[in-house]
Amino acid sequence: MFFSDGSSGSSAGADALSTNVVMVFDILLLLGFLVSTASLLTAGLSKRIVRSSQWFIFMGFASFWSIQHLLLVGNQLTPTIPPHAICLVQSSFGYAAPPATAFALLALFLQIFLLLEECLEGTHRMECLYSPTFLWLPFAIYASVFVMALSMGLVQPERVVRDELRITCRLDGGTMLFVEAGLVTFACIVIMVMEGFIIVKIWKNYHRIRLFNSTSREKHFPLSLAIRALIFSLLPILTIIMSIVSMARSFRDEDPSTPEVNIIIASLPLSAGLLFGTQRDILSTWTFWRRGSPACTFDSMEKLPNGQV
């Protein structure tokens, strides 16, 4: 195994393991930042691509996920802990990003669900997605968790430590881990319930949806986006497992960070960028040298109320 330690716990073996994990972690995050940011900028700057506010919010959090985890680059493998200020800020970002991103993904799933309901049942409940309260919920969660972690680290600076693998910083004691894991688990459970409803509805009405998409511009459901979101939603299952493992290790007074958990964390932005940033309208914008590339396709567009994007 790539992450196995053949030195039976020796210091040299531990250092080699840490170096390997840090390298893979940073490379995955850098690739994730490049892909997700390129997708975000392409959709934002191109007049040919239509995306909703929920899509932009989710992809924005995916991009920033990479940035905040890369704050320690250059200080990860040093013998001493990074400067307190950098370590505290990075750990605060680290606790705030997962729940905020999970709720941003939840909002995207809610949009898909309401679009499906509107397409099949003729309901008109999409407007609720654009209320200020709903749009700002992930940001409010992010700010609340960040301030909570930052305050705790300022009041008790001795709790700011670097994990044993030297990848990121964290707050010792487990309190912030429980807050983060609780919010992420709640959002992921709701996502999985909605995922079940979406799968059943698509399964029962697949041919009807295809007919709507081929014959009507009014009743359109972004089937490609739904399939990509359902694939990405497999990661929340891993997230819940990760949360349980981390909390169990914290209860045993062990470092909650493991190589496997960190690699999954680092792969999230790249997964989001590849799944949501490789739809046909975005790819056709990148391949601008090809004449006749489709400006926009209904497989990748999102139907928005009142022309909102």
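Just so it is clear, the model here is predicted, and its values are computed rather than measured. Within every chain, residues take consecutive numbers counted from 1 along the sequence as written. With pLDDT at 70 or above as the cut-off, local features in this predicted model cover only qualifying residues; side-chain atom pairs require 80 or more to be listed or tallied, and sums for whole chains, interfaces and linings still use all residues. Side-chain measures here rest on the full set of heavy atoms in the structure, leaving out hydrogens and waters.

Engineer: Quick question: what am I supposed to make of the confidence of the model for the chain here?
Structural biologist: Close inspection of predicted coordinates is inappropriate in any region flagged by low pLDDT. On average, the chain scores 77 in pLDDT, and the residues at 70 or more come to 75%. Helix α4 (residues 132-155) holds the highest mean pLDDT among the elements of the chain, 90, whereas helix α7 (residues 234-251) holds the lowest, 69. What pLDDT expresses is the predictor's confidence in each residue, scored from 0 to 100. Whether two residues touch is decided by their heavy atoms; if any such pair falls within 4.5 Å, the residues are in contact. Low pLDDT, under 50, characterises residues 1-11; the stretch is placed with 10 contacts to residues that sit more than four places away or in other chains. For residues 293-309, every residue scores under 50 in pLDDT, and the model assigns this stretch 57 contacts once sequence neighbours within four places are set aside. Only runs of H or I of at least four residues qualify as helices and only runs of E of at least two qualify as strands under DSSP, and these elements are numbered from the N terminus.

Engineer: Whenever I open this one, the state of the cysteines confuses me. Can you help?
Structural biologist: Two cysteines whose sulfur atoms are joined by a covalent bond form what is called a disulfide. Cysteine sulfurs are considered disulfide-paired once they come within 2.5 Å of each other. Across all of its chains, the model carries one disulfide by this definition. One disulfide in the model links Cys87 with Cys169; its S-S distance is 1.7 Å. Measuring the twist about the S-S bond at about -100°, one finds the Cys87-Cys169 disulfide to be left-handed. Here Cys87 is found in helix α3 (residues 84-121), whereas its partner Cys169 is found in strand β2 (residues 169-171), with 82 residues between them in sequence. Each member of the pair, Cys87 as well as Cys169, is classed as buried. In this scheme, a residue with accessible area under 20% of its type's maximum is buried, one over 50% is exposed, and one in between is partly exposed, where area comes from a 1.4 Å probe on protein chains only.

Engineer: Help me out: how do you make sense of the side chain of Thr37 in this one?
Structural biologist: One can find Thr37 in helix α1 (residues 11-45). For Thr37, the residues in contact, after removing those within four places along its chain, are Gly32 and Ser63.

Engineer: Explanation requested: helix α6 (residues 223-232) in the structure shown.
Structural biologist: With seven of 10 residues buried, α6 is to be regarded as a mostly interior element. Leu223, Leu225, Ala226, Arg228, Ala229, Leu230 and Phe232 are the residues of α6 that are buried.

Engineer: Would you mind going over empty space enclosed by the protein with me for this structure?
Structural biologist: Rolled over the atoms, a probe sized like a water molecule indicates the empty space that remains. In the cavity and pocket records, a cavity denotes points on a 1 Å grid over the protein atoms alone where a 1.4 Å probe fits but cannot get out, a pocket denotes an open set with protein on both sides within 12 Å along at least 5 of 7 lines, and lining residues are residues with an atom within 4 Å of a point. Grid points are joined across faces, edges and corners, and a volume is the space filled by probe spheres set on the points. The tally for this structure, following the rule as stated, stands at one cavity of 30 Å³ or more. Empty space within the largest cavity amounts to approximately 40 Å³. In terms of lining, the largest cavity is formed by Gln54, Ile57, Ala104, Ala107, Phe134, Leu135 and Pro138. Those elements that place two or more of their residues in the lining of the largest cavity are α2 (53-69), α3 and α4. At three residues, the largest contribution of residues to the lining of the largest cavity is made by α4. For this scheme, ten residues count as nonpolar: Ala, Val, Leu, Ile, Met, Phe, Trp, Tyr, Cys and Pro. Four count as charged, namely Asp, Glu, Lys and Arg, and the remainder, Gly too, count as polar. Its residues placed into classes, the lining of the largest cavity shows six nonpolar, one polar and no charged.

Engineer: Hey, could you run me through the nonpolar core in this one?
Structural biologist: The tendency in soluble globular proteins is for nonpolar side chains to be buried side by side. In this structure, Phe58, Phe221 and Phe276 are the most contacted members of the largest nonpolar core, which totals 75 residues. Looking at this core, the element that brings in the most residues is α3, giving 21 residues. In contact with Phe58, other than residues within four places in its own chain, are Thr101, Ala104, Leu105, Leu108, Phe232, Ala272 and Phe276. The term nonpolar core refers to a set of buried residues drawn from Ala, Val, Leu, Ile, Met, Phe, Trp, Tyr and Cys, joined through side-chain atoms within 4.5 Å.

Engineer: Would you explain α3 in this entry?
Structural biologist: An α-helical turn contains 3.6 residues, so a residue and the one three or four places further along point in the same direction. For α3, built from 38 residues, the straight-helix expectation of 56 Å at 1.5 Å per residue is met to within 8% by its first-to-last C-alpha distance of 55 Å. To get the bend at a residue, fit one axis to the 7 residues ending there and another to the 7 starting there, then take the angle between the axes. At Ala97, α3 shows its maximal bend, which comes to roughly 25°, and the proline Pro98 appears one to four places after that position. The buried count for α3 comes to 32 of 38 residues, which makes it a mostly enclosed element. Expected helix span is computed as 1.5 Å times (number of residues minus one).

Engineer: Hey, could you run me through the environment of Leu165 in this one?
Structural biologist: By the secondary structure assignment, Leu165 is in the loop between β1 (160-162) and β2. Taking the relative accessible area as the measure of exposure, Leu165 reaches 10% and is therefore buried. With 89 residues separating them in the primary sequence, Leu165 and Gln76 have C-alpha atoms 8.7 Å apart.

Engineer: Sorry, what's going on with the pattern of salt bridges here?
Structural biologist: Salt-bridge detection follows one rule: a side-chain nitrogen of Lys or Arg within 4 Å of a carboxyl oxygen of Asp or Glu. Under the definition given, this model contains one salt bridge. Arg170 is the partner of Asp172 in a salt bridge, and the nearest nitrogen-oxygen pair spans 3.4 Å. Judged by its relative accessible area of 40%, Asp172 falls in the partly exposed class.

Engineer: It is not clear to me how the packing of α3 against α6 should be interpreted in this structure. Could you clarify?
Structural biologist: In helix packing, the relevant descriptors are the interaxial angle and the interaxial distance, both defined with respect to the helix axes. In this description, a line fitted to the C-alpha atoms serves as the axis of each element, helices being fitted only across the stretch in contact, and the angle between N-to-C directions of two axes falls anywhere from 0 to 180 degrees. Close contact between α3 and α6 brings their axes to 11 Å; oriented N to C, the two are set at 145°. Judged by the twist between their axes, the crossing of α3 over α6 is left-handed. Counted together, Leu105, Phe109 and Ile112 of α3 and Leu225, Ala226, Ala229, Leu230 and Phe232 of α6 form the full contact between these two elements. Classifying every residue of the contact of α3 with α6 gives eight nonpolar, no polar and no charged. Here is the rule for handedness: rotate from the far helix to the near one, and if that takes an anticlockwise turn smaller than a right angle the crossing is left-handed, while a clockwise turn gives right-handed.

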